Each structure stands twice: as C-alpha cells, then as structure tokens.
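# Fold and geometry: a report
Chain by chain, the residues run as shown.
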Amino acid sequence: MIKSKIYACMILLLSVLGLVACGGQEDTVEPVAQHPVHVHDGQECDLCGMIINQFPGPKGQLFTRGNNQPLAFCSTRDMFAYALQPEHKHRVQSVFVHDVSTAEWGDMSQAKYIDAKQAYFVIGHNQLGAMGPTLAAFADLGAAEQFVKDHGGEIKRFEDIDQSVLNGMNHMAMDHAHAAHH
C-alpha cells in the first residue's frame, strides 16, 4: 500500500515536472520568418488612410508580434511614425522599406523591399513622398551617398531614427511650404 502511494506521488511529480518543462519550451520557439508582401492598388495606409500606390517615394511595411500580415504605409515617414509610438514600439518585429535605388521615385510599385534595420536612410533631401518629406532608404551605402550628392540630405541608420528626427522632418515640410508661398 505504501509502495503504491509512493509510485503515485512519483508519477504525479514527474507529470508536473513534465508540464513545467513543456511550458518553458514556448519561450524558445523561433519566430516564423516574415517577408514583405505586394501592396495592391487601392490599399490604404495603416496610419493615415491614404491610398498607398497613388503617391511618390518609398513605402514601408512592418509586422507586429502575433500578426501574419504586415501593416503597410504610404511613406517611410508614416511607417516610422507608427513604429516609434510607445504603444506599438515593443510589438514591432520585422520592418521593411523600399530600396530607392531599385525603382523610379515617382513609381515605387515595383521597388524591392529591404530589411529596414540594415538600410541606410537619407533625410533632408529635396524629394517629396506621400506626406511631404520622407526617408529615402537604400540597401547600399554607395547608392545612399550618390543620392545625397544628387538631392542633398544626410545619411542615418535605423537605430538613429527617433521621434526628434521625425519632428525635424515636420519642420522641413513647413520650411518648404513657407518658401513656396514667397
């Protein structure tokens, strides 16, 4: 009788340990590789609601934790505005942007998407996107440097882009509008 109770306790203990061990495995599961998707004509920007492909300049996409479909944006600026919001920042997993060197500025519909965390971004240039000033993204540093020679601006990396950079772009937009009226 005592042996059967000991065996029952041992089985129960092993079962509990097995469940605890299984529960710990969830944290080590590798995330599924995420890839940008084709933006369809008529698709709206997930930040501002504008039709994405109706505007010039590079676009962006990002995946948030737990979602299989990316959020799509009419400009890299809108994408960063969304990604940098405190309520979203911790949920962002993968971020993709158009490589400007793979298409014409006026039609990025066939441009190649690249990993934004590896990209070179040019800000302060003279090309306008859907929402005015935007970040031109490049996979290659040499292409970014050539863009700066042709259109002005400065090169930044993904980790350098924060809310102050975006706010500076807002001031650039106001400066462009003020200059156009005078």
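Owing to the predicted nature of the structure, the values given are computational and were not obtained by experimental measurement.

About the thresholds
- Residues numbered from 1 in each chain as written.
- Predicted model: local features only at pLDDT ≥ 70, side-chain atom pairs only at ≥ 80, totals over all residues.
- Heavy atoms only, no water.
- Buried < 20%, exposed > 50% of the residue type's maximum accessible area, 1.4 Å probe, protein only.
- Helix = DSSP H or I, 4+ residues; strand = E, 2+ residues; numbered from the N terminus.
- Disulfide = S-S within 2.5 Å.
- Pairing = 2+ DSSP bridges.
- Polar contact = N/O pair within 3.5 Å; in protein donor to acceptor, adjacent residues only side chain to side chain.
- Contact = heavy atoms within 4.5 Å.

With seven of its eight residues buried, helix α2 (residues 76-83) lies for the most part within the structure. Taken together, the buried positions of α2 are occupied by Thr 76, Arg 77, Asp 78, Met 79, Phe 80, Tyr 82 and Ala 83.

In this structure the tally under the stated criterion is zero disulfides. The structure places no disulfide on Cys 45, whose sulfur is separated from the nearest cysteine sulfur, that of Cys 48, by 3.7 Å. Looking at the unpaired Cys 48, the closest cysteine sulfur is the one in Cys 74, lying at 3.6 Å. We classify Cys 48 as partly exposed; its relative accessible area is 31%.

A separate point is the pairing of strand β1 (residues 60-64). Consecutive residues of a regular strand have side chains that alternate between opposite faces of the sheet. Counting buried positions over the five residues of β1 gives five, a clear majority of the element. Burial along β1 is two-sided: Gly 60, Leu 62 and Thr 64 and Gln 61 and Phe 63, pointing in opposite directions, are all buried. Relative to strand β2 (residues 71-73), β1 runs antiparallel, the two sharing three bridges. Its bridge partner lying in β2, Gln 61 is registered against Ala 72. Linking β1 back to β2 in an antiparallel pair, the connection comprises six residues, with Gly 66 at a positive phi of about 85 degrees. Examined bridge by bridge, β1 and strand β3 (residues 92-98) share five bridges and lie antiparallel to one another. By the bridge assignment for β3, Gly 60 is matched with Val 97.

N-capping of helix α4 (residues 141-151) is provided by Asp 140, with a side-chain oxygen placed 3.1 Å from the backbone N of Gly 142. Remark: Gly 152 follows α4 within two positions and exhibits a positive phi of approximately 80 degrees.

Here we take up the environment of His 98. Within the fold, His 98 resides in strand β3. The class for His 98 is buried, based on a relative accessible area of 3%. The spacing of His 98 and Gln 61 is 37 residues in sequence and 9.0 Å in space, taken between C-alpha atoms. In contact with His 98, not counting residues within four places along its chain, are Pro 58, Lys 59, Met 108, Ala 111, Lys 112, Tyr 113 and Ala 137.

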